[in-house]
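Here's the letter readout for the chains.
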Amino acid sequence: QVQLVESGGGWVQTGGSLRVSCAASGRTFSSYAMGWFRQAPGKEREFVAAVSRSGRRTSYADSMKGRFTISRDNAKNTVYLQMNSLNPEDTAIYYCAARPVVAGALPPPSPREYDYWGQGTQVTVSS
C-alpha cells in the first residue's frame, strides 16, 4: 500500500500558474501509475492527468487544453502537476491517486480505476 499527501494548493489569479505536489510513502512508488483528479463543489470527480511508472508516458483530459503537465520524480517519491493559464473553472480540490500496474501502463481515466488517494489540496483561481 501507499500513503499519498498532496501539497502546493492555494489561491492564484486568473492566468497564473501553480504547481501541486503529491508525496508518496514507501519503497514501491515506482510500481504505481499515478494520476491527478479534481472535484469542484457539487460535481463529480474529474480526471486530469496520469503518468506511467517510469514517467515516460502521460495522458491528459481534453479539457485541460494542454495547459497542465504531469511529471514524477521516483527518486523523491513525488508526482507533480504543473498548471498554467489557470481560470476560475480550474477551481477545485485536486487529488493524487495511485494504482499498481505493469510497466508502461496508464489506467483508464476514471477514479474507479485507482486504488489509493490523498486527502486533496484546494486550488482556487480568482480574477
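The structure presented is a predicted model; accordingly, all values stated were derived computationally and were not measured.

**Observations regarding the packing of aromatic side chains**
In this structure the tally under the stated criterion is 6 aromatic pairs. When the ring of Tyr 32 is compared with that of Tyr 116, the centres are 6.0 Å apart and the planes differ by 85°; the resulting orientation is edge-to-face. Taken as a pair, Tyr 32 in strand E4 (residues 32-39) and Tyr 116 in strand E10 (residues 116-117) lie far apart in primary sequence, 84 residues in all. Residue classification places Tyr 32 among the buried positions, given a relative accessible area of 6%. Among the residues examined, Tyr 116 registers a relative accessible area of 26% and is labelled partly exposed. With centroids separated by 6.3 Å and ring planes inclined at 65°, the aromatic side chains of Tyr 114 and Trp 117 adopt a geometry described as edge-to-face. A relative accessible area of 5% means that Tyr 114 is categorised as buried. For Trp 117, a relative accessible area of 27% puts it in the partly exposed group. Through a chain of ring-to-ring contacts, three or more aromatic side chains come together here, namely Phe 37, Phe 47, Tyr 95, Tyr 114 and Trp 117. Looking at Arg 72, its charged tip hangs above the ring of Phe 29, at a distance of 4.3 Å from the centre.

**Notes on the sheet that holds strand E3 (residues 18-24)**
Across the sheet, which stays open at both edges, the 4 strands sit in the order E1-E3-E8-E7 with antiparallel pairing between neighbours. At either end of the open sheet lies a strand with only one pairing partner, and these are strand E1 (4-7) and strand E7 (68-73). Across the sheet, the mean angle separating the axes of adjacent strands is 15° when strand polarity is ignored. Alignment of E3 against strand E8 (residues 78-83), held across 6 bridges, turns out to be antiparallel. Bridge pairing links Arg 19 to Gln 82 in E8.

**Overview of the environment of Met 34**
Within the fold, Met 34 resides in strand E4. In this structure the C-alpha to C-alpha distance between Met 34 and Tyr 94, which are 60 residues apart in sequence, comes to 13 Å.

**Some words on the pattern of salt bridges**
By the definition in use, this model includes 4 salt bridges. A salt bridge links Arg 38 to Asp 90; the shortest N-O distance between them is 2.8 Å. With a gap of 52 residues between them, Arg 38 in strand E4 and Asp 90 in the loop between E8 and strand E9 (92-100) connect regions that are remote in the sequence. The class of Asp 90 is buried, set by a relative accessible area of 1%. Its salt-bridge partner being Glu 113, residue Arg 99 comes within 2.5 Å of it at the nearest N-O pair. One end of the pair, Arg 99, is in strand E9; the other, Glu 113, is in the loop between E9 and E10, with 14 residues separating them in the sequence. Given a relative accessible area of 25%, Arg 99 falls into the partly exposed group.

Rules used throughout
Residues numbered from 1 in each chain as written. Predicted model: local features only at pLDDT ≥ 70, side-chain atom pairs only at ≥ 80, totals over all residues. Heavy atoms only, no water. Phe/Tyr/Trp six-rings, centres within 6.5 Å; stacked < 30°, edge-to-face > 60°. Helix = DSSP H or I, 4+ residues; strand = E, 2+ residues; numbered from the N terminus. Buried < 20%, exposed > 50% of the residue type's maximum accessible area, 1.4 Å probe, protein only. Lys NZ or Arg CZ within 6 Å of the ring centre and 35° of its normal. Pairing = 2+ DSSP bridges. Axes fitted to C-alpha atoms, helices over the stretch in contact; angles between N-to-C directions. Salt bridge = Lys/Arg side-chain N within 4 Å of Asp/Glu carboxyl O.

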